[in-house]
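The residues making up each chain are set out below.
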Amino acid sequence: SLEKIFVQITSTNICDLVMSIVIMVVVFIVKELNDRYRAKLLVPIPIEIIMTIITCGVSYGFNFAERYNVQVIGKMVSGYESPIPPSIEVFQESAVEAFPVAIVGFAVAFSVAKVYSVKHDYPIDGNQELVAFGVSNIFGAAFRSFAASTALSRTAVQESSGGKTQIAGLISAMMAMIVTVALGFLLEPLPRSVLGALVIVNLKGMLMQFREIPYLWMRDRPECVVWVGTCLGAILLGLDLGLALGLGVELLTVVFRVQFPRCSTLANIPGTDLYKDKKDYLQIFEPEGAKIFRIPSPIFFANIEFFRKKLIEAVGFNPLRVLQKRNKALKKIKKLLQKRDHDITETKRWENCYTTKA
């Protein structure tokens, strides 16, 4: 009956909800302890592995899948597919769909790599990343694998667990190989809600970037618009259309930056040879009688008026008006001098007349 179905659905949702909340709270607390006592701990507590083992055991012991109708991972196929040669027919049918998949996969992977490269202060090469993904997909396609890209959840879990070098990636790959070959059946009773909870907690750092929107708006408004537009586009329209929307917004901001660049007046930082924007520093020295004006984009017909306006604001007066007033004053002086010469000439003429008569 409908009542039994409603009770069954409600009990399933409550079970998943309670389990997810408990796991998220526990993992969050342990991760905060790992961050706080990082210097004292030899190895961060692998709370994700611990919670996975516990929930698998509890789900198997209480039979969550049949008793409470909880969605679990279920049957896992062990081993790998046998290699096959590339098929021209498959390539012709999937070439159009494969292109956006490749673009989206590389864009996601490179953006994630960029985030962690800035966080841990190391350089990355986009061409190297693109070649690596291409070779990986060519090799993996022979074994009918999925298109290779960056897994946000696994990357966040590995980074939060302390993995920083290629050894961590090698160990992760070996563990994934062991699980898929021999130990996959142990994860069959794992509830899917547990995986979702672990992913959400490990993406806490990325989700908390929303707190930086006010600072980014004050610091660089075009970049803030690109960030928000790409994020909303990916959430509402999907990842491929969201990236296309973000690219379009980025192109518009490039045009906007060229036409309306962020001009600045530079001043000297006391005790150094550095000249920075005087709006960014409090203790700064501006040379007397000189203005150092900086425009970070080329000057052409589209931004010449904007450049002229900003330069006038930086100097503090309009040179054209000063020139006009100067020319006007010179004309007046010239007229006065001409009038004076005329008066002097007339006076001398009358004096000469009086002298002749006398």
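The protein is annotated in an unreviewed UniProt entry as SLC26A/SulP transporter domain-containing protein from Ataeniobius toweri. UniProt annotates the protein under Subcellular location (unreviewed entry) with the comment "Membrane".

Visitor: Hey, could you run me through the nonpolar core in this one?
Guide: Within soluble globular proteins, side chains that are nonpolar tend to cluster in buried spots. Met-19, Ile-23, Val-27 and Val-194 are the most contacted members of the largest nonpolar core, which totals 15 residues. When residues of this core are traced back to their parent elements, those giving at least two are helix H1 (2–36), helix H2 (47–62) and helix H8 (192–202). When residues of this core are assigned to their parent elements, the largest contribution, five residues, is made by H1. Once residues within four sequence positions are removed from consideration, Met-19 is found in contact with Phe-64, Val-70, Pro-191, Ser-193 and Val-194. With six residues, the next largest nonpolar core counts Val-104, Val-108, Tyr-116 and Ala-156 among its residues.

Visitor: So what exactly am I meant to see when it comes to H8 here?
Guide: Three or four residues apart is the spacing at which side chains of an α-helix point the same way, because the helix has 3.6 residues per turn. All of the buried residues in H8 are Ser-193, Val-194, Ala-197, Leu-198, Val-201 and Asn-202. Taken around the axis of H8, the buried residues stretch over an arc of 165 degrees, which confines them to a single face.

Visitor: Sorry if this is basic, but what is going on with the pattern of salt bridges here?
Guide: Note that side chains of opposite charge can pair when their charged atoms are close. For the coordinates displayed, the defined rule picks out two salt bridges. Here Glu-286 makes a salt bridge to Lys-291, at a shortest N to O gap of 2.9 Å.

Reading the values: rules and limits
- Residues numbered from 1 in each chain as written.
- Predicted model: local features only at pLDDT ≥ 70, side-chain atom pairs only at ≥ 80, totals over all residues.
- Heavy atoms only, no water.
- UniProt positions renumbered as here; feature names shortened; annotations may be inferred.
- Core = buried A, V, L, I, M, F, W, Y, C linked by side-chain atoms within 4.5 Å.
- Buried < 20%, exposed > 50% of the residue type's maximum accessible area, 1.4 Å probe, protein only.
- Helix = DSSP H or I, 4+ residues; strand = E, 2+ residues; numbered from the N terminus.
- Contact = heavy atoms within 4.5 Å.
- Arc of directions from axis to C-beta.
- Salt bridge = Lys/Arg side-chain N within 4 Å of Asp/Glu carboxyl O.

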